[in-house]
Every structure is written in structure tokens, then in C-alpha cells.
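What follows is the residue order along each chain.
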Amino acid sequence: MLKTAKRALAPALALCLLLSGCLLRSADAAGCVGGVYRVNTGSAGLLVLEPLGGLDTAEEILAALNSAPEQSGMERAFPDGVEALSVEVIGGVRAAVEMSESYAECSESDRLVAALACAMTLCLMDNIAAVDIYCGGELCCEGLNLSSALLDDVTCGGADVPIKLWLPNESGGVTPRTEYIALDAETAAAEAVVQRLLTALINADGGGYALPEDTALLGVETADGLCTVNLSREMFATEPESTEDAQAVIHSFVATLCSLAGVDAVTIQSDGRDIYSYGRYITHWPMTFTL
């Protein structure tokens, strides 16, 4: 469910998004967003973030996206006559946005800019992991998220890029949390994301099971949509006692990586060999994740 729209992204537009370097971290309050994406009038297709306060709900974000920018040098990411009409949060993690009928009459590039601005702004909320765009009740863009512009041939030139980590929680499930990482030309997106995820898992940042502190990443390879993560044997020196906690750790890796562009499925290895159980949880590879 998360891949269709990503593969249609134009590389040039994605590069503009990443090189903007104008990403604003969400506030401490749960769900609060610090701004909305606008089009930079000095560079066609370049999306930048206009800092705005008081955006606590998805409805407030849509109202801000529909309004004219307060800062000079920016314009709405929606073409003239286009508005976001409504938003519905499904399952607590996915947002469905209905656009006005004039959206369907716009050029493909204008529709894409509008969809990305809408989706990437909404995904700055801690609880929103992906956004679907509808027009006239018909699905137009599916599964856009904060990583929609992360293509294999694009780097962000050191700008902080927002990602969504899925972390084990106290209930034996996984909960999304927005993080920011700096990418460079030498580090693949998947590797940087796994390194950040490992740190969060060792620290039990989500409130769930904590991995052994000497767990290390041995390698990450992505080919034909399959991401293979090779972890050191220290991760398995001690394992969760409950099936739910073990499953949550595995799902944390799979859900986080499957949110990246170009990743459809995940396999986890230890010292180069597939693992077929973790604690009491039996694994089957490759594994996918669907919201």
C-alpha cells in the first residue's frame, strides 16, 4: 500500500525537496507541527517550510495549507482554485485527504507538488505515518510520507531529513515517532535509518523491550525492493520473554524500513544468516509492512 506513488516521483522535484534544507522540527507537544510546506516563488517546484504556530490537528494543518503564506517569497503549494477539503485519520496512523474537483484538472507536476506539500506537512505530526490523496472520491496518490523524496540517486547535501521510526511500546506493539537524520553522499538512506533505529531500540525509547547495548549493525543492502539487514550476534544474546515483545522488535525494523522509498520488504540476518526465530516469535522472510 505504500509504494505506488513513490515510484512516480520525478527525481528533479525530489532533489529540490531535499536540498531545500528548510525542515522544521515538530514541537514538543504530541502531534503539534511547526509549519506548512509552501512553494518558493524564486524556484519552481522547490518546497520550503513556512514556520507557523498553533497547528495541533490535521484540520488546522489543512486550513493553513489552503491559506495564503504570511512570509514573502512563498506561495501556496496548491494551484489557484485548488483546496484541501477534508482529512480523515484512519487507524490513528494514516490520513486520507480529499482535494477539490479542480485538482484533477491540474498538470501532473502541479498535482504532485500539491500532494507532497500536503502529505509531508501532515506527516510531521507524530502520529501520521502516511497520506493518501483523493479527488472526487477517487484515489490519486497513495502512501506518501516523509521519505517520499528519498530516491536512490538523490542525497540531501547534509540537510536534516525527517524519517518515521516505528518503536516497540509497552503494549507489545509499535508506535511511530518522527526523527531527523543528516544524510551524505557516502551513507545510504537505509543504513542511516537503521543506525538511528538501533540507537533508539537499545535505549528503549518507545517504552518497549531494550536491545543489548553491544548490538551492532554489520551491513545493509537494498536490491530490487528487498532490504537485508545484517546484525551482530550480540542482539540475540538475550531475547524478549514474551512473543509480543519479540514480534514488536522485528516489526520495528520492518515497518521503519518499509516506509523508505525503494523498500518493499525486509530480511533480518545475524552474521550473514537469516534468523528464523527471535525469542518465541517465528519469523518468515522476506517480511512486508502495510498500514
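Residues numbered from 1 in each chain as written. Predicted model: local features only at pLDDT ≥ 70, side-chain atom pairs only at ≥ 80, totals over all residues. Heavy atoms only, no water.

Participant: It is not clear to me how the packing of aromatic side chains should be interpreted in this structure. Could you clarify?
Facilitator: Throughout the structure, instances matching the rule amount to two aromatic pairs. Ring geometry for F236 against Y278: centres 5.8 Å apart, planes inclined by 90 degrees, an arrangement best described as edge-to-face. Residue F236 is found in the loop between β11 (226-231) and α5 (243-258), and its partner Y278 is found in strand β14 (residues 277-278); the two are separated by 42 residues along the sequence. With respect to burial, F236 and Y278 carry one shared label: buried. (Phe/Tyr/Trp six-rings, centres within 6.5 Å; stacked < 30°, edge-to-face > 60°. Helix = DSSP H or I, 4+ residues; strand = E, 2+ residues; numbered from the N terminus. Buried < 20%, exposed > 50% of the residue type's maximum accessible area, 1.4 Å probe, protein only.)

Participant: Can you walk me through the sheet that holds strand β7 (residues 138-144) in this structure?
Facilitator: Strands belonging to one sheet form pairs held by backbone hydrogen bonds; the direction of such a pair is parallel or antiparallel. Pairing is mixed in the open sheet, where four strands are placed in the order β4-β5-β6-β7. With partners counted over all chains shown, the strands left at the sheet margins are β4 (84-90) and β7, one partner each. Each strand of the sheet is rotated relative to its neighbour by a mean of 20 degrees, with strand direction disregarded. Helix-sheet contacts for helix α2 (residues 58-66) involve β4 and β5 (94-99), and the interaxial angle to β4 is about 155 degrees. (Pairing = 2+ DSSP bridges. Axes fitted to C-alpha atoms, helices over the stretch in contact; angles between N-to-C directions. Contact = heavy atoms within 4.5 Å.)

Participant: Got a minute to help me understand the pattern of salt bridges in this structure?
Facilitator: Think of it this way: side chains of opposite charge can pair up when their charged atoms draw near. For the structure shown, the criterion picks out four salt bridges. Close ionic contact of R94 with D132 constitutes a salt bridge, the shortest N to O distance being 2.7 Å. Within this pair, whereas R94 is found in strand β5, its partner D132 is found in strand β6 (residues 130-135), the two being separated by 38 residues in sequence. An identical accessibility class is assigned to R94 and D132; each is buried. Residues R233 and D271 are paired through a salt bridge, measuring 2.7 Å at the closest nitrogen-oxygen approach. (Salt bridge = Lys/Arg side-chain N within 4 Å of Asp/Glu carboxyl O.)

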